[in-house]
Amino acid sequence: MPKGYWIAHVEADDVSNFQSEAYKAYVSSAAPVFEQYGGRFLARGGEFETAEGNGLGSRHVLIEFPSLEDAKACYHSAVYREAKLNRQAVATANIVLVEGFE
(Lines give C-alpha, C1' and ligand atoms only; values in the text may rest on other atoms or scores of the structure.)
Protein backbone atom coordinates (compact mmCIF):
# COMPACT_ATOMS: atom_id res chain seq x y z
CA MET A 1 0.00 0.00 0.00
CA PRO A 2 1.43 3.42 -0.90
CA LYS A 3 2.21 5.84 1.90
CA GLY A 4 0.38 9.12 2.30
CA TYR A 5 1.89 12.56 2.76
CA TRP A 6 1.00 16.02 3.95
CA ILE A 7 2.82 18.71 2.00
CA ALA A 8 2.38 22.01 3.83
CA HIS A 9 3.56 25.49 2.95
CA VAL A 10 2.98 27.91 5.84
CA GLU A 11 3.19 31.69 5.78
CA ALA A 12 3.02 34.25 8.56
CA ASP A 13 2.89 38.04 8.23
CA ASP A 14 5.80 38.15 10.64
CA VAL A 15 8.27 35.25 10.89
CA SER A 16 8.33 35.76 14.68
CA ASN A 17 4.77 34.35 14.67
CA PHE A 18 6.39 30.92 14.42
CA GLN A 19 7.79 31.58 17.92
CA SER A 20 4.47 32.89 19.30
CA GLU A 21 2.53 31.18 22.05
CA ALA A 22 -0.28 30.40 19.59
CA TYR A 23 2.07 28.59 17.19
CA LYS A 24 3.74 26.74 20.06
CA ALA A 25 0.25 25.69 21.26
CA TYR A 26 -0.48 24.41 17.74
CA VAL A 27 2.70 22.34 17.64
CA SER A 28 2.13 20.80 21.08
CA SER A 29 -1.58 20.10 20.55
CA ALA A 30 -1.08 18.64 17.04
CA ALA A 31 1.79 16.32 18.03
CA PRO A 32 -0.40 13.62 19.65
CA VAL A 33 -2.70 13.37 16.63
CA PHE A 34 0.25 13.03 14.23
CA GLU A 35 1.55 10.21 16.45
CA GLN A 36 -1.90 8.59 16.64
CA TYR A 37 -2.10 8.32 12.85
CA GLY A 38 1.52 7.22 12.38
CA GLY A 39 2.77 10.58 11.07
CA ARG A 40 6.53 11.02 10.73
CA PHE A 41 8.12 14.37 9.91
CA LEU A 42 10.49 14.24 6.94
CA ALA A 43 10.94 18.02 6.70
CA ARG A 44 9.89 20.64 9.21
CA GLY A 45 10.78 24.28 8.78
CA GLY A 46 14.41 23.79 7.77
CA GLU A 47 16.50 25.83 5.39
CA PHE A 48 15.12 25.89 1.86
CA GLU A 49 15.68 27.31 -1.59
CA THR A 50 12.85 28.23 -3.94
CA ALA A 51 14.09 26.68 -7.17
CA GLU A 52 11.01 27.57 -9.23
CA GLY A 53 7.72 29.36 -8.67
CA ASN A 54 6.74 31.61 -5.78
CA GLY A 55 7.76 29.37 -2.87
CA LEU A 56 4.28 29.35 -1.31
CA GLY A 57 5.47 30.24 2.19
CA SER A 58 8.30 30.76 4.59
CA ARG A 59 7.97 27.39 6.38
CA HIS A 60 7.66 24.03 4.63
CA VAL A 61 6.62 20.74 6.19
CA LEU A 62 6.50 17.20 4.82
CA ILE A 63 4.84 14.49 6.94
CA GLU A 64 4.72 10.81 5.94
CA PHE A 65 1.84 8.55 7.00
CA PRO A 66 1.36 4.80 6.56
CA SER A 67 -1.33 5.49 3.93
CA LEU A 68 -3.28 8.30 2.30
CA GLU A 69 -6.27 7.20 4.39
CA ASP A 70 -4.24 7.81 7.57
CA ALA A 71 -3.12 11.22 6.28
CA LYS A 72 -6.74 12.17 5.56
CA ALA A 73 -8.04 10.81 8.86
CA CYS A 74 -5.42 12.80 10.75
CA TYR A 75 -6.23 16.06 8.96
CA HIS A 76 -10.00 15.65 9.33
CA SER A 77 -9.90 14.45 12.96
CA ALA A 78 -11.60 16.50 15.66
CA VAL A 79 -8.31 16.80 17.55
CA TYR A 80 -6.48 18.30 14.56
CA ARG A 81 -9.39 20.62 13.71
CA GLU A 82 -9.08 22.04 17.23
CA ALA A 83 -5.27 22.25 17.11
CA LYS A 84 -5.17 24.09 13.79
CA LEU A 85 -7.21 26.97 15.23
CA ASN A 86 -4.01 28.03 17.06
CA ARG A 87 -2.02 27.99 13.81
CA GLN A 88 -4.71 29.84 11.92
CA ALA A 89 -4.55 32.64 14.49
CA VAL A 90 -0.98 33.54 13.38
CA ALA A 91 -0.32 31.88 10.01
CA THR A 92 -1.97 30.67 6.82
CA ALA A 93 -1.23 27.36 5.15
CA ASN A 94 -1.54 25.51 1.87
CA ILE A 95 -1.78 21.81 2.73
CA VAL A 96 -2.01 19.01 0.18
CA LEU A 97 -2.70 15.39 1.12
CA VAL A 98 -1.12 13.14 -1.49
CA GLU A 99 -0.66 9.43 -2.12
CA GLY A 100 2.92 8.24 -2.44
CA PHE A 101 4.34 6.33 -5.38
CA GLU A 102 5.38 2.70 -5.10
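Residues numbered from 1 in each chain as written. Predicted model: local features only at pLDDT ≥ 70, side-chain atom pairs only at ≥ 80, totals over all residues. Heavy atoms only, no water.

A few words now on the nonpolar core. Ranked by size, the top nonpolar core spans 22 residues in total, and within it Trp6, Tyr26, Phe34, Phe65, Cys74 and Tyr80 carry the most contacts. Ranked by residues supplied to this core, first place goes to helix α1 (residues 21-36) with five residues. Residues within four places of Cys74 in sequence aside, it is in contact with Trp6, Val33, Phe34, Tyr37, Phe65 and Tyr80. (Core = buried A, V, L, I, M, F, W, Y, C linked by side-chain atoms within 4.5 Å. Buried < 20%, exposed > 50% of the residue type's maximum accessible area, 1.4 Å probe, protein only. Helix = DSSP H or I, 4+ residues; strand = E, 2+ residues; numbered from the N terminus. Contact = heavy atoms within 4.5 Å.)

Once that is clear, we can look at the pattern of salt bridges. All told, the structure shown has two salt bridges when counted by the stated rule. Here Lys3 ties to Glu64 by a salt bridge, and the two come within 3.6 Å at their closest N and O atoms. With Lys3 in the segment before β1 (4-11) and Glu64 in strand β3 (residues 59-65), this pair connects stretches of sequence that are 61 residues apart. You can call Glu64 buried: its relative accessible area is 10%. Here Arg40 ties to Glu64 by a salt bridge, and the two come within 3.0 Å at their closest N and O atoms. In this pair, Arg40 is assigned in strand β2 (residues 40-44) and Glu64 in strand β3, connecting sequence segments 24 residues apart. Here the residues in one salt-bridge network are Lys3, Arg40 and Glu64, joined through shared partners. (Salt bridge = Lys/Arg side-chain N within 4 Å of Asp/Glu carboxyl O.)

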